[in-house]
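The residues making up each chain are set out below.
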Amino acid sequence: MGFGLLLIGYTVAYLFSLGLGGLANYAFAGFLIGYFLCYLGLSELKKYTPAFNYALIISIALTVCGLYETLVGLDNILALGLSLTSSSISVVFGYARFFLDCAFNIALLYGAVDISKRVDFEPTRNMAYRNMIFVAIAYAFELVRILLGLFAFASVQSIMSTLTAISLILKIFYVALNVFLWFKSYAFICPSEDVDMKRKKSKIEFINKIHERNDKKEQENMELSRKFYEDRLKKKNERKQTKNKKKK
């Protein structure tokens with residue numbers, strides 16, 4: 001359906017961008033591969049709702065940014081002396097990717113809200129709304145940090161390391177929330193024709209046992225989710241009936 005590719009692409013792109021461990025040295029590879037996988041996933045998801053078209057368009061722009069940063073990365077490693085990697089151009093691309101990243105996350109969550117409404121799956125819809133708030137807070141804080149960094153006042157520079165740490169924590173938080181959202185969407189949202197689709201058996205018995213165990217767990221989760229919503233719908237109808245009786 002597309003959520004699988006989106007999950008992988010988003011995780012790769014934003015895990016590398018966090019720069020944890022030694023990933024910062026290879027961030028350019030994560031950007032290019034991650035955003036391209038997001039594009040492929042969104043190309044499928046837009047078939048089910050046009051709300052993902054916004055994220056799809058932005059993913060193309062981010063893939064271009066990823067291609068540029070790949071050139072910068074290779075130039076730093078191989079000393080190619082490319083004129084495209086001048087400091088002024090790098091600054092422009094840095095700001096462009098910052099605003100594109102913000103728009104991309106909001107657009108993705110907007111698509112998640114819309115498709116959740118279409119399939120009437122409230123958990124992912126509520127998660128998407130919640131994640132929008134944290135994404136907005138994280139990028140607003142980062143924008144303030146960037147603007148403060150433009151000033152050379154000693155009082156401002158003294159707190160920059162603290163602001164950078166807070167900004168990183170906020171980013172890790174919203175990225176983790178979004179990764180979980182894409183995983184939950186991948187697990188519980190699927191086309192109607194795939195609901196009863198049987199998995200093809202492998203010639204390797206060990207693989208079949210793993211598939212059987214996973215299918216059983218997935219079926220249990222779907223059954224719990226179905227029962228949960230049936231109970232909620234029943235309670236909702238009972239409340240409506242009670243209100244109607246009071247009005248009469």
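Refer to the structure above for everything that follows.
Quick summary incoming for the structure in this document. (Residues numbered from 1 in each chain as written. Predicted model: local features only at pLDDT ≥ 70, side-chain atom pairs only at ≥ 80, totals over all residues. Heavy atoms only, no water.)

Regarding the nonpolar core
At step 1: Counting residues in hydrophobic clusters, the biggest one holds 38 residues, and the most contacted among them are Tyr14, Phe104 and Trp182.
At step 2: If you list the elements that add at least two residues to this core, you get helix 1 (3–18), helix 2 (27–45), helix 3 (53–78), helix 4 (87–118), helix 5 (122–149) and helix 7 (160–188).
At step 3: Sorting elements by how many residues they give to this core places helix 4 first, with 8 residues.
At step 4: Excluding its chain neighbours within four sequence positions, the residues that come into contact with phenylalanine 104 are Tyr14, Tyr35, Cys38, Leu42, Ala55, Ile58, Ser59 and Leu62. (Core = buried A, V, L, I, M, F, W, Y, C linked by side-chain atoms within 4.5 Å. Buried < 20%, exposed > 50% of the residue type's maximum accessible area, 1.4 Å probe, protein only. Helix = DSSP H or I, 4+ residues; strand = E, 2+ residues; numbered from the N terminus. Contact = heavy atoms within 4.5 Å.)

Some remarks on the side chain of threonine 49
At step 1: Inspection of the secondary structure puts threonine 49 in the loop between helix 2 and helix 3.
At step 2: At 2.3 Å, the side chain of threonine 49 and the side chain of aspartate 114 are in polar contact.
At step 3: Not counting residues up to four positions away in its chain, the partners in contact with threonine 49 are Asp114, Ile115 and Arg118. (Polar contact = N/O pair within 3.5 Å; in protein donor to acceptor, adjacent residues only side chain to side chain.)

Brief notes about the side chain of asparagine 178
At step 1: Checked against the element boundaries, asparagine 178 lands in helix 7.
At step 2: For asparagine 178, a relative accessible area of 0% corresponds to the buried category.
At step 3: Side-chain polar atoms of asparagine 178 contact the side chain of asparagine 131, separated by 2.8 Å.
At step 4: When sequence neighbours within four positions are dropped, the list of residues in contact with asparagine 178 reads Tyr10, Asn105, Leu109, Asn131 and Val135.

Notes on the environment of tyrosine 10
At step 1: In this structure, tyrosine 10 sits in helix 1.
At step 2: Polar contacts involving the side chain of tyrosine 10 include one to the side chain of asparagine 178, which spans 2.8 Å.

Quick look at a nonpolar patch on the surface
At step 1: On the surface, Val91, Tyr95, Phe99, Leu143, Leu147, Leu150 and Phe151 cluster together into a nonpolar patch covering about 660 Å² of accessible area.
At step 2: Contributions of two or more residues to the nonpolar patch are made by helix 4 and helix 5.
At step 3: Broken down by element, the residue count for the nonpolar patch peaks at 3 residues, all from helix 4.
At step 4: Mapped onto the secondary structure, leucine 147 falls in helix 5. (Patch = residues over 30% accessible without salt bridge, like charges linked within 9 Å, V, L, I, M, F, W, Y side chains within 5 Å. Areas by Shrake-Rupley, 256 points an atom, 1.4 Å probe, with all protein chains shown as cover. Salt bridge = Lys/Arg side-chain N within 4 Å of Asp/Glu carboxyl O.)

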